[in-house]
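Fold and contact review
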Amino acid sequence: TNNSDFLRRAKAGDVFAQVYVADYYHELGNEEDCLYWYMIASDYNDRYGFVAKNNLAYLYWQKHKSEGDLEDYLPRIYSLLKLT
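Before going into details, it helps to say that this report is about the structure given with it.

Calculation rules
- Residues numbered from 1 in each chain as written.
- Predicted model: local features only at pLDDT ≥ 70, side-chain atom pairs only at ≥ 80, totals over all residues.
- Heavy atoms only, no water.
- Phe/Tyr/Trp six-rings, centres within 6.5 Å; stacked < 30°, edge-to-face > 60°.
- Helix = DSSP H or I, 4+ residues; strand = E, 2+ residues; numbered from the N terminus.
- Buried < 20%, exposed > 50% of the residue type's maximum accessible area, 1.4 Å probe, protein only.

1. A few points about the packing of aromatic side chains
Enumeration according to the criterion identifies 6 aromatic pairs in this entry. When the ring of Phe6 is compared with that of Phe16, the centres are 6.1 Å apart and the planes differ by 55°; the resulting orientation is tilted. Separated by 10 residues along the polypeptide, Phe6 in helix H1 (residues 3–11) and Phe16 in helix H2 (residues 15–28) bring together distant segments of the chain. Judged by centre distance (3.8 Å) and plane angle (20°), the ring pair of Phe6 and Tyr20 falls under stacked. Here Phe6, found in helix H1, pairs with Tyr20, found in helix H2; they are 14 residues apart in sequence, far enough to count as distant. For Phe6, a relative accessible area of 8% puts it in the buried group. A connected cluster of aromatic rings, assembled from ring pairs, spans Phe6, Phe16, Tyr20 and Tyr48.

Below, the structure written as structure tokens:
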């Protein structure tokens, strides 16, 4: 399979493909699309949904720590981690 197949599957609701696409965008440095696909996948309470929640929490922590506003986002980050 290629990346366009995963994007098609992600759009169709395949959670594994959504996490795969998020990882792909992360590797490219495309933070906006990466966060979008992790947010979509994090709506699911299955193996890959939990991976998405964990990765989303980490990316939020990383982003807001560097921006100096981590304290404001810690409740959101912790709530994602509690769900994993």
